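Read off the chains here:
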Amino acid sequence: GSAPSTASLGQTFFIPQAALEVGEFEVTLTVSLPDGSVTGTATTLQVILDSFVVAVINDGAALFDHNQGTDLVLSGALSYDPVARVLGREQELGFLWTSCEVSVSADFPEGQTEPCSVDELVNAKGEKLDVSSDMLAAMAVSDSEPTFYRFTLEVSSNVSLPGEAAVVAKVFPGSNRLEGVNAVRLTNHLEDIPFSNINTKDFVVIRPDAEEGICWFYTLVAPSSEAGLLQNADNLMLSSDYEGYWRPDSGCSRLPLGFNRGVLKSGVEYEFSVTYEEQSGGSV
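As the structure is a computational prediction, the values presented were derived from the model and not from experiment. (Residues numbered from 1 in each chain as written. Predicted model: local features only at pLDDT ≥ 70, side-chain atom pairs only at ≥ 80, totals over all residues. Heavy atoms only, no water.)

Caption draft 1: How the structure looks around the environment of Glu269. As for its placement among the helices and strands, Glu269 is situated in the loop between β14 (257-259) and β15 (271-278). The sequence separation of Glu269 and Ala222 amounts to 47 residues, and the corresponding C-alpha distance is 7.6 Å. Beyond its immediate sequence surroundings of up to four residues, Glu269 is in contact with Ala222 and Pro223. (Helix = DSSP H or I, 4+ residues; strand = E, 2+ residues; numbered from the N terminus. Contact = heavy atoms within 4.5 Å.)

Caption draft 2: Fine view of the pattern of salt bridges. A complete count under the given rule lists three salt bridges for this structure. Linking Glu101 and Arg150 is a salt bridge whose minimum nitrogen-to-oxygen distance equals 2.8 Å. Taken together, the residues Glu101 in strand β5 (residues 93-103) and Arg150 in strand β9 (residues 147-157) connect sequence positions 49 residues apart. Relative accessible area serves as the criterion here: at 22%, Glu101 is assigned to the partly exposed category. (Salt bridge = Lys/Arg side-chain N within 4 Å of Asp/Glu carboxyl O. Buried < 20%, exposed > 50% of the residue type's maximum accessible area, 1.4 Å probe, protein only.)

Caption draft 3: Up close: the confidence of the model for the protein chain. On average, residues of the protein chain carry a pLDDT of 81, and 82% of them reach 70 or more. In the model of the protein chain, strand β11 (residues 181-187) stands out as the element of lowest mean pLDDT, 66, in contrast to β5, which has the highest, 96. (pLDDT = per-residue confidence, 0-100.)

Caption draft 4: Inspection of the state of the cysteines at higher detail. Going through the model one piece at a time under the given rule, you end up with two disulfides. Between the sulfur atoms of Cys215 and its disulfide partner Cys252 the distance amounts to 1.9 Å. Disulfide Cys215-Cys252: the torsion about the S-S bond is 100°, which places it as right-handed. In this pair, Cys215 is assigned in strand β13 (residues 214-222) and Cys252 in the loop between β13 and β14, connecting sequence segments 37 residues apart. Judged by relative accessible area, Cys215 falls into the buried class, the value being 3%. Should the bonded cysteines of the protein chain be numbered as they appear in the sequence, the pairing reads 1-2, 3-4. (Disulfide = S-S within 2.5 Å.)

Structure follows, in structure tokens:
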């Protein structure tokens, strides 16, 4: 190491993150009265470890539901290098989907877990991993019960050590979604936000997406204590400033569902159902 340094810093010793170096550092604190008559000393060893890339798959949820009849797309776009951010460097990330496993249970018990049989899903490179509906059908372990898939992503960086994340997809057999129905997006009225990181002080907008000729209904599944949430117009973005949003009398429409700031409560887990229909009828 570095040569010892001495500084009079008061009661708090603050080292900016950008100035930290990997290694062991001995820090000594000396306390004395103004006249120097009494002095006390304490020493501690601080170990600064390498930082890891924060790997994130999709919105960061560990488990999500999917239907076998639609393609499954996984993305590491929200991954980041915390050190590169602090240092103001441009992060250069590499993505490697290191493993894919199939099981009958979300616990992936030994003896009931197998590697994915599709070679393209192992050691695939790139920010996104596309798993077609045909692949899902070929790997399904049951025609009547869900199949669980665990995907692992390693994200490397030009600054920090590689980080790893895993996600489990619970894939239901068959197809109960219409052709042309895409994923539901969540926004704060301005930009997309992850489902696991909702700021209750922002607007929250649920935006389904589907081809023309398909409409949808919204239903609050949980919690039961909020049963009247969608029926109370004060909760929803309905004023003249926010035209074009779903309202309780909209019926089957193609409108997004918007909540005013502060309506969704912190610490409460909400579950909404989006039911799609062909506009000529036929629920899915």
